[in-house]
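In case you want the letters, here they are:
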Amino acid sequence: MSEEKSVETTACRGLFVGELQDESFYPFPTQGDEEKEQADLTCEAFRDWAKDNLDATAIDREQEIPAEVRAALAEMGILGMTIPEEYGGYGFGATSYCRVMEEVTRADASLSVFVGAHLSIGSKPLVLFGSEELKKKYLPDIAAGTKLCAFALTEPGAGSDAGSLRTRAVWDPEKQAFRLNGNKIWITNGGYADVFTVFARAEGGPVGDAKGVTGFVVERGQAGFTNGPSEHKLGIRGSSTTELAFDDVLVPADRIVGTPGDGFGMATRTLETGRLSLGAGCTGAAKELIRLASRHAQERVQFRKPILEFGMIREKLGRMTSDTYGAESMVYLTAGLVDRGGIDLSVEAGYCKVFGSEHLWRAVNDAVQTVGGIGYMVEYPYERHLRDARINLIFEGTNEILRLASTLDGLKEPGRRATEEMRAAKAALGAQVVERAEGGEGIVPVPAPRWIAEPLAAQGETFAASLSLFAATVRRVMKKYRRAILGQEYTLRRIADAAMRVYAMAATLSRATMRVEARGAEGARRDIILASRFVDDSAAQVRRELEDIDALRDRLDDEIAEILRDEGRYFAPLH
């Protein structure tokens, strides 16, 4: 990801004002031959190795990734695939990285979490923001897998609210170093990482008057630095999740990562990378579940025919498969834009994580229901997939926080436009006319994209209608609430869910169009089927979410929450 970001209204942000930026969506991104070949080889090498050497059931049971497994990943180059080539890595872009993370997650979620903590977030601050000296000192060993990384942000009192950080780094002029004190919790790779990016509130010395949070490199083995035992978790049991403790750990000034005081921005940028690859991993896990569930549905016979012949089973498999196609399209459109560089894609990355993780949670539920009782038994992989999938809705930023953050970002431009229009109307026509006009002017139709292939023309019109409704609703909401939108979480949640679907629809149509152009309608028949199913279903969900913005039940949820605050229990017993 490029360190410099533009403020262009591109990709998902444009959809909030009813504008489809053709250059962001079409043509659908493709990899260059050289990088594609290298990614192909890495994926193939991992699959071949995992087939004979990876026992995900044993990793889950023993709650540990064996050292020899970590060493094998290092030998394949997987632990250095995003490290720049000049420091010994493969220099993979976002697309290649997402492809490999799909394969790793499909094989074992614990292994994926280990790799992601090392590359997506652990080493990323050094790659993006580290000084040349820090890069030369650490990145070659990180790329070789001889030093593992971890990202230390979360604290007992600071999770999504990073502003509540309590860890302190105070300059000691006698030691010419910062004294680091505090605790971090739920740190992935905490039990065996060698290099930690730790975020703290720094005071004095080289940080001067800089306010806010600063990032530091801390090494295992430094005096005063300890980690607790690995936590026992519901899922991803093989990954190491520990508490870290810092008791007067001395950190020299040259271990500062990035600009002093800009640690929160650095952490946010770093997490964007993890969110995108997490979305990719969720599509990989969903593909494995589709394989397992569809095979079982063919083999399981009830009432003298395979259960694949029953409509309610077909509905589950159809939803799993088409939603995977949509989630995958979102991820690789976004990854292609990241590889293009120079564009702020924080909204898109956040939506990929939210949509992908919630799709996987639905998919694993559908898979367990499809296979019936064996889905509940530990001898089969389904219950492990179910337990592993649940964390994706929580880490790398909870889905609730990402809905709010991404959507408020997307609303900036329509909010600015609404404010300008209101000011101009007030100046020209007077406050009374402005007050009557605050409801908006209704839906202005958006034409279907000209680039959509003819076999998908009907879905193109469906998408255009959804985008028109979405943009009109956003405009109406912003005129109604303006800055007060910050407190309208029910409305923001519905706008977020509609925005994700609209973005995914555009990505899906672009991808399917590319396939039609390459292979013709008959050759792209499967893509057309999946895109059509996904777009039609998404359009219905978009309409439902936007129409519910004016629902009265939100008021009832408020009243229920107030009663629960007072009662602290279920308050309507039958007897």
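If you're wondering where the values come from, they're calculated on a predicted model, not measured in any experiment.

Asks: Break down the packing of helix 18 (residues 489–523) against helix 19 (residues 525–547) for me, with residues and values.
Replies: Two elements in contact, helix 18 and helix 19, have axes whose closest approach is 8 Å; the angle formed by their N-to-C orientations is 160°. In terms of axis orientation, helix 18 runs roughly antiparallel to helix 19. Remark: the crossing between helix 18 and helix 19 carries left-handed chirality. A class-by-class count of the residues in the contact of helix 18 with helix 19 yields 15 nonpolar, four polar and eleven charged.

Asks: Before we move on, could you go through the nonpolar core and cite the residues and values that matter?
Replies: By size, the foremost hydrophobic cluster in this structure holds 68 residues, and its most contacted members are F16, L276, Y351, F470 and Y503. Secondary structure elements with two or more residues in this core: helix 1 (11–15), helix 6 (94–107), helix 10 (263–299), helix 11 (311–340), helix 12 (346–371), helix 17 (457–481), helix 18 and helix 19. No other element matches helix 18, which puts 15 residues into this core. What F16 contacts, discounting residues up to four positions off in sequence, is Y351, T407, G410, L411, P414, F470, A471, V474, I495 and A499. In this structure, C43, A74, M101 and V195 belong to the second largest nonpolar core, which totals 51 residues.

Asks: Describe the pattern of salt bridges, naming the residues involved and giving the relevant values.
Replies: As enumerated under the stated definition, the model contains 39 salt bridges in all. With a shortest N-O distance of 2.9 Å, K184 and E155 are connected by a salt bridge. Of this pair, K184 sits in strand 3 (residues 177–188) while E155 is found in the loop between strand 1 (149–152) and strand 2 (168–172), placing the two residues 29 residues apart along the sequence. For K184, a relative accessible area of 0% translates into the label buried. The shortest N-O distance in the salt bridge between R543 and E547 comes to 3.3 Å. Separated by four residues within a single helix, R543 and E547 lie in helix 19, roughly one turn from each other. In this structure R543 comes out as partly exposed when scored by relative accessible area, which is 44%. Look at the salt bridges and you will find they share partners, linking E19, E413, R416, R417 and E420 into a network.

Asks: Would you mind going over the packing of aromatic side chains in detail, with residue names and values included?
Replies: Taken as a whole and judged by the stated rule, the model has 14 aromatic pairs. Pairing F46 with W49 gives two aromatic rings, centres 5.8 Å apart and planes at 45°, and the pair type is tilted. Of this pair, F46 and W49 both sit in helix 3 (residues 33–53), three residues apart, roughly one helical turn. According to the relative accessible area criterion, W49 is buried, its value standing at 15%. Taking 5.2 Å as the distance between ring centres and 65° as the angle between the ring planes, the aromatic pair formed by F178 and F216 counts as edge-to-face. Of the two residues, F178 sits in strand 3 while F216 sits in strand 5 (residues 213–219), which places them 38 residues apart along the sequence. In terms of burial, F178 and F216 fall into one category: buried.

Asks: Can you lay out the environment of R106 for me, pointing to particular residues and giving the numbers?
Replies: Mapping R106 onto the fold places it in helix 6. When its relative accessible area of 27% is taken as the criterion, R106 is described as partly exposed. Separated by 181 residues in the primary sequence, R106 and K287 place their C-alpha atoms 7.4 Å from one another. In this structure, R106 is in contact with G284, A285, K287, E288 and R291, ignoring residues within four places of it in sequence.

Asks: Account for the pairing of strand 2, with residues named and values stated.
Replies: Remember that side chains alternate between the two faces of the sheet whenever the strand is regular. Bridge analysis of strand 2 against strand 3 gives five bridges, and the strand direction is antiparallel. Paired with W171 across the two strands is F178, which belongs to strand 3. Joining the antiparallel neighbours strand 2 and strand 3 is a turn of four residues, in which Q176 adopts a positive phi near 55°. Relative to strand 4 (residues 195–203), strand 2 runs parallel, the two sharing three bridges. Across the sheet, residue R168 finds its bridge partner in strand 4, namely R201.

Asks: Can you break down helix 19 residue by residue, with the values?
Replies: Compared with an ideal rise of 1.5 Å per residue, which puts 23 residues at 33 Å, helix 19 spans 33 Å between its outermost C-alpha atoms and is within 8% of the ideal. Looking at helix 19, one finds that the buried residues are D527, I528, A531, S532, F534, V535, S538, A539, V542, E545 and L546. The inward-facing, buried residues of helix 19 contact helix 11, helix 12, helix 17 and helix 18.

Asks: Just give me the short version of the side chain of E155, but keep the residues and values in it.
Replies: When its relative accessible area of 4% is taken as the criterion, E155 is described as buried. There is a polar contact of 2.6 Å between the side chain of E155 and the backbone nitrogen of R166. Here the side chain of E155 touches T167 through a polar contact of 2.6 Å, side chain to side chain. With near-sequence residues (within four places) excluded, E155 lies in contact with S164, L165, R166, T167, N183, K184, I185 and F199.

Asks: Go over helix 13 (residues 382–390) with me, naming the residues and quoting the values.
Replies: Burial of helix 13 is extensive: seven of the nine residues sit out of reach of the surface. Residues Y382, E383, R384, H385, R387, D388 and A389 constitute the buried set of helix 13. Its buried side turned inward, helix 13 meets helix 4 (56–62), helix 7 (109–122), helix 10 and helix 12.

Asks: So what's going on with a nonpolar patch on the surface? Which residues, and what values?
Replies: Among the surface-exposed residues, I560, I563, L564 and F571 lie close enough to one another that they form a single nonpolar patch of about 290 Å² accessible area. Mapped onto the secondary structure, I560 falls in helix 20 (residues 553–567). With relative accessibility at 39%, the residue I560 sits in the partly exposed group.

Asks: Go over the pairing of strand 3, please, and point to the residues and values.
Replies: Here strand 3 pairs with strand 7 (residues 241–251) via eight bridges, running antiparallel. Residue pairing across strands places T188 opposite T241, the latter belonging to strand 7.

Asks: Mind laying out the environment of A74, listing which residues take part and the relevant values?
Replies: Structurally, A74 can be placed in helix 5 (residues 67–76). Leave out the neighbours within four places in its chain, and A74 touches L79, A144 and G145.

Scoring rules and cut-offs
Residues numbered from 1 in each chain as written. Predicted model: local features only at pLDDT ≥ 70, side-chain atom pairs only at ≥ 80, totals over all residues. Heavy atoms only, no water. Axes fitted to C-alpha atoms, helices over the stretch in contact; angles between N-to-C directions. Helix = DSSP H or I, 4+ residues; strand = E, 2+ residues; numbered from the N terminus. Parallel < 35°, antiparallel > 145°, perpendicular 65-115°, else oblique. Left-handed = near helix turned anticlockwise from the far one by under 90°. Nonpolar A, V, L, I, M, F, W, Y, C, P; charged D, E, K, R; others polar. Core = buried A, V, L, I, M, F, W, Y, C linked by side-chain atoms within 4.5 Å. Buried < 20%, exposed > 50% of the residue type's maximum accessible area, 1.4 Å probe, protein only. Contact = heavy atoms within 4.5 Å. Salt bridge = Lys/Arg side-chain N within 4 Å of Asp/Glu carboxyl O. Phe/Tyr/Trp six-rings, centres within 6.5 Å; stacked < 30°, edge-to-face > 60°. Pairing = 2+ DSSP bridges. Expected span 1.5 Å × (residues − 1). Polar contact = N/O pair within 3.5 Å; in protein donor to acceptor, adjacent residues only side chain to side chain. Patch = residues over 30% accessible without salt bridge, like charges linked within 9 Å, V, L, I, M, F, W, Y side chains within 5 Å. Areas by Shrake-Rupley, 256 points an atom, 1.4 Å probe, with all protein chains shown as cover.

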